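Report on the structure
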Amino acid sequence: MRERLIRLGFTSGALILALGVTALLISMFDHSPIDVLETAWDGAFKDGRRFSAVVNFWIPLTLASIGLVVTFTAGLWNIGIEGQMIIGAVCASWAGLYFEAPSVILIPTCILLGAIGGMLWGMLAGLLKLRFGVHEIFGGVALNFIAANIAIYFISGPWQPPEGGSAQSTPPFQAAATLPRISDDLQFNLLFLLITIGAIIAIGLLLMFTRWGLTLRAVGKNAQSALLLGVRTERVTLSAFMVCGALGGIAGAHRVLQAYSSLRPSPAGGIGFLALLVVLLISFRAWWVPFIAFALAAIIAGSTRVKTLLQLDQSLAGVLQGLIVLTILIFNGLADRLTRKDHHE
Amino acid sequence: MKITRTFIFSIVFLLAGGLLLIAALQRTNEIVPYRMTTLPQHVVPSVAFEAPGVTTSILRFPNEDDSLSFNLEIPTVSYSLIVALLFVGVGTYGLVPLQNERAQRTKTNGLILAGILIIPTVLILAAAGQSTNMISMLGASFRLGTPIIIGAMAGIWCERSGVVNIAIEGMMLTGAAFGFVAYTFVTASIPGQGGLWIGIAVAVASGGLMALLHAWLSVTFKTDQIISGTVINIMALGLTAFMRREVILNADASFETLSEFSIPLLSKIPVLGEVLFTGKPIFFSMFLLVILTHVMLYYTRWGLRTRAVGENPHAADTLGINVQRNRYINVIIGGLIAGLAGAWFSLETAGGFRDGMTSGTGFIALAAMIFGKWTPFGAAAGGLLFGFSQALDTRFQLLNVPIPVQFVQMTPYLVTMIVLAGLVGRATAPKAVGQPYEKE
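Residues numbered from 1 in each chain as written. Chains lettered and ligands numbered in written order. Predicted model: local features only at pLDDT ≥ 70, side-chain atom pairs only at ≥ 80, totals over all residues. Heavy atoms only, no water.

Some thoughts on the overall build of chain A
Note the threshold: Every helix listed is a DSSP run of H or I at least four residues long, and every strand listed is a run of E at least two residues long, numbered separately from the N terminus. Throughout, radius of gyration means the C-alpha value; the globule benchmark is 2.2 Å times the number of residues raised to the power 0.38. Burial classes: relative accessible area under 20% of the type maximum marks a residue as buried, over 50% as exposed, and values in between as partly exposed (1.4 Å probe, protein chains only). Contacts were defined at the residue level, with two residues in contact if any of their heavy atoms lie within 4.5 Å. Residue-level accessible areas treat just the shown protein chains as cover; the underlying method is Shrake-Rupley with a 1.4 Å probe.
Helix and strand counts for chain A stand at 13 helices and zero strands. Ordered by position from N to C terminus, the α and β elements of chain A give α-α-α-α-α-α-α-α-α-α-α-α-α. For chain A, whose C-alpha radius of gyration is 21 Å, the value lies close to the compact-globule estimate of 20 Å for 345 residues. The buried share among the 345 residues of chain A stands at 52%. Long-range contacts, defined here as pairs at least 24 residues apart, represent 78% of the contacts in chain A between residues at least 6 apart. Of the accessible surface of chain A, which amounts to about 15200 Å², a share of 66% is contributed by carbon and sulfur atoms.

Thoughts on the overall build of chain B
The helix and strand inventory of chain B stands at 15 helices and six strands. Here chain B holds 440 residues, and 55% of them are scored as buried. In chain B, the proportion of contacts linking residues at least 24 apart, taken out of those at least 6 apart, comes to 76%. Accessible surface, chain B as shown: approximately 19000 Å² in total, 67% of it carbon and sulfur.

Brief notes about the interface of chain B and chain A
Quick reminder of the rule: Salt bridges are counted wherever a side-chain nitrogen of Lys or Arg sits within 4 Å of a carboxyl oxygen of Asp or Glu. Polar contact is defined as a pair of N or O atoms within 3.5 Å, subject to the rule that within protein one atom must be able to donate a hydrogen and the other to accept it, and that residues adjacent in sequence are counted only when both atoms are side-chain atoms. Basically, the charged four are Asp, Glu, Lys and Arg, the nonpolar ten are Ala, Val, Leu, Ile, Met, Phe, Trp, Tyr, Cys and Pro, and anything else, Gly included, counts as polar.
Contact with chain B, which involves 38 residues of that partner, is made by 41 residues of chain A. If you look at where chain B meets chain A, you find zero salt bridges. If you look at where chain B meets chain A, you find zero residue pairs in polar contact (both at pLDDT 80 or more). Among the secondary structure elements, those contributing two or more residues to the side of chain B that touches chain A are helix H1 (5-25), helix H6 (194-220), helix H7 (225-248), helix H13 (361-371) and helix H15 (405-420) of chain B. Residue contributions to the side of chain B that touches chain A peak at 13 residues, all from H7 of chain B. Taken together, the residues of the side of chain B that touches chain A sort by class into 26 nonpolar, eight polar and four charged.

With respect to the packing of helix H5 (residues 103-132) of chain A against helix H6 (residues 136-156) of chain A
Residue and element names in this part refer to chain A. The condition that has to hold: Fitted lines through C-alpha atoms serve as axes, helices being fitted only where they are in contact, and the angles separating the N-to-C directions of these axes extend from 0 to 180 degrees. Handedness of a crossing is defined here by the sense of rotation of the near helix relative to the far one, left-handed for an anticlockwise turn of less than a right angle and right-handed for a clockwise turn.
Running from N to C, H5 and H6 cross one another at 145 degrees; their axes reach a closest spacing of 10 Å. When the axes of H5 and H6 are compared, the crossing they make is right-handed. Packed against H5, whose contacting residues are Trp121, Leu124, Ala125, Leu128 and Lys129, the element H6 presents Glu136, Leu143, Ile146, Ala147 and Ile150 at the interface. When its residues are assigned to classes, the contact of H5 with H6 shows eight nonpolar, no polar and two charged.

Digging into the pairing of strand E2 (residues 56-61) of chain B
Residues and elements named next belong to chain B. Spelled out, the test is: A strand pair is defined by DSSP finding two or more bridges across the two strands.
Of all six residues in E2, five are buried; the element is thus mostly enclosed. Where E2 lies against strand E4 (residues 131-133), three bridges are found, and the strand directions are parallel. Bridging across to E4, arginine 60 finds its partner in asparagine 133.

Concerning the environment of leucine 37 of chain A
Residue and element names in this part refer to chain A. Along the polypeptide, leucine 37 turns up in helix H2 (residues 33-45). Looking at leucine 37, the relative accessible area reads 61%, which means it is exposed. As for leucine 37 and alanine 335, which are separated by 298 residues in sequence, their C-alpha atoms are 29 Å apart.

Let's talk about the domain arrangement of chain A
The condition that has to hold: Residue ranges for the domains originate in an automatic or database domain assignment.
The domain boundaries assigned to chain A delineate domain 1 (1-31 + 313-345) and domain 2 (56-311). If you average the C-alpha positions of domain 1 of chain A and of domain 2 of chain A, the two centres end up 28 Å apart.

Points about the confidence of the model for chain B
Residues and elements named next belong to chain B. Our working rule: Values of pLDDT, which run from 0 to 100, indicate the predictor's confidence residue by residue.
Residues with a pLDDT of 70 or more make up 89% of chain B, whose mean pLDDT is 82. The least confident element of chain B, judged by mean pLDDT, is strand E1 (residues 35-37) at 46; the most confident is helix H9 (residues 281-299) at 94. Overall fold confidence for the complex sits at a pTM of 0.80, while the interface term, ipTM, reaches 0.73.

Topic: a nonpolar patch on the surface
The line we're drawing: Patch membership is restricted to residues that have no salt bridge and whose relative accessible area is over 30%. Joining uses 9 Å for like charges and 5 Å for the nonpolar side chains Val, Leu, Ile, Met, Phe, Trp and Tyr.
A surface patch of nonpolar side chains, about 850 Å² in accessible area, is lined by Ile197, Ile201, Leu205, Met208, Phe209, Trp287, Trp288 and Phe291 of chain A. By residue number, the principal contributor to the nonpolar patch is helix H7 (residues 190-209) of chain A, which donates five residues.

Focus on the pairing of strand E3 (residues 70-75) of chain B
Residues and elements named next belong to chain B. Extensive coverage of E3 is indicated by the burial of five of its six residues. In this structure, E2 lies alongside E3, joined through six bridges in antiparallel fashion. In the strand pairing of E3, leucine 59 is matched with leucine 72.

Some details on the environment of serine 228 of chain B
Positionally, serine 228 of chain B belongs in helix H7. In this structure serine 228 of chain B touches His214, Leu217 and Ser218 of chain B, once residues within four positions along its chain are discounted.

Looking at the packing of aromatic side chains
Residues and elements named next belong to chain B. The condition is simple: The aromatic pairing rule takes the rings of Phe, Tyr and Trp, using the six-membered ring of Trp, and pairs them if the centres are within 6.5 Å, calling planes under 30 degrees apart stacked, those over 60 edge-to-face and the rest tilted.
If you walk through the whole model with that rule in mind, you get 13 aromatic pairs over all chains. Ring centres of phenylalanine 180 and tyrosine 183 lie 5.6 Å apart, and the angle between their planes is 45 degrees; this geometry places the pair in the tilted category. With a gap of three residues between them, phenylalanine 180 and tyrosine 183 both fall in helix H5 (residues 168-186), about one helical turn apart. Among the residues examined, phenylalanine 180 registers a relative accessible area of 1% and is labelled buried. The exposure class assigned to tyrosine 183 is buried, which follows from its relative accessible area of 1%.

This is the structure:
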């Protein structure tokens, strides 16, 4: 009990310190931290439209994070999530551009293709690891760059707009690929929202209550003894990569369908890396994902507002995120020391 | 049949050789022995060639002094025929089911030879019917290899003492940004290149600070070293982007970079002089760093201790070596070196800072380190290979090779993966790498 309290105290201490350092940074550049906070809060929650922006950021971030929970549970560092999102986006874009069908068929097709693309790209990282011993971090980083180049190839090559190529974007998707919105005020898509919530619940339950979840955890804790106990570690590892890739692919599909309605360079926009932070923050517990992801989405959506009003750049959000994780790691380390000392006494 | 690495690479070379062979045999009339000509540059090279209608790839080695310039004319078809036969031979032999150790070694060596041959072959095929300047090609390989090789040295210092460092990327980026920021602050008050040198000093120091953070987290707090590295990478990305928008955009920064100089006498050596002895300061420091790292690691007491700490910290501790202190110092030195690699981007090459301008070089450096099996010279060779494949990029565009640019730009990463996949043999990391040391 006491240990828990110490942990809680240290975690909140870390958050306060991170916010404090950010406030200090802001005042160093002659802005009032309170103003910034107010503007950011307004930017995220003032009305339905701004709240929609938060949700539209939350959906891909949560999908990617929940996927990462799966790979982390299996003890895998799927840095390739960004690439899996990009390939998902590219696959969904193909359908958005060329697959002529009514909306009811087209949009699910986009999502499905995105999931398949992401899954295959994730599988590639898994195969590289299992068959060739390429550590998933290096494989993932390389695959991220390759995926980004593939996206740029399609944008400036085969899918360039008829009026001539620019490296900026493909032509807009067919009208049928426009995501229906809930209302004028709430500009997010119900289907994606349901998929996201479904993914959280499904993965959470799968990890807790099924054999698959158990084997994932066994492999993550100690792959060798899992193997000795008869777990097919290779298959489990591969399945983790594929599930994560599929979720990342759906996130990528959401990015192109919702944010741009066309394929642009780096469609994932760093959300994959942000998802890594989310998952590190919650030390891989699925149920916490939606809340932390929401907080980060609000910070980011808010900081775009800060940018336009106060001329402070939104990269500030990046600084804040990095600081939060960093201070929490440091404070965790301190708490570890403290609790360990207690045991000695 | 069991699918082994040898099997896969043999198939690859068999296929590549087969395709090349088919292409070459369609133009049998062009098969001639190769010749080398020494010609002044202004003479049109094709004049020297007696057999008309033969496609040649001309590799130019120009020199300021015309009498030292020469061109290497290679009949493309004959060359590709020879290479194709070699590939097919190596590939076929690789598939022969011989299991004894000697045969296996021959197979491996053959595959490595074929792998090395890919480099000139790609270049010669790309230059078919054209000429390409080899001096600038080699120079670019070394230049582009510089941050990779320096980064790999940073990795060696860290990892030989048993601390995984995937944060090299972040340390480089920090160095690049803060070095440039420092430069913009002082450049007005310091004439000439002095500002740049101060920038380099700040870059090195800021890399060291990031490394201090890494050491603090992973050595003192025993945080997972990969988590710590990832956080530093992400942190660096955010922090430098913020710095750029808030500080650099407001400063009227010029696009000045460190100036080039030549080492007297040595730079007069044909070919080598221009490739190795003409360049900018950080480029030269690369050679120094490789040698220093090698000497440190294998010829000093500190190096012996570092290796002991990286292989078996418990034994080292028993012998009275302070494991924590050793790791701290090595990680920080690694960070200082990574900061220098960062300065290469902003102060030696671009004369500015872009968000994420290191674009994965830190990770490529780690791949080069693994390629070199954690030895300085091996890592340098790896870095050079990656530098070459990046230089190939621009070369392909100059030669109008009909391959989309994006695919060419993937080559360094593909090479990285092939290297990591272990064509060069299983890499053996320091034994204790990645494990925090718990004193009992």
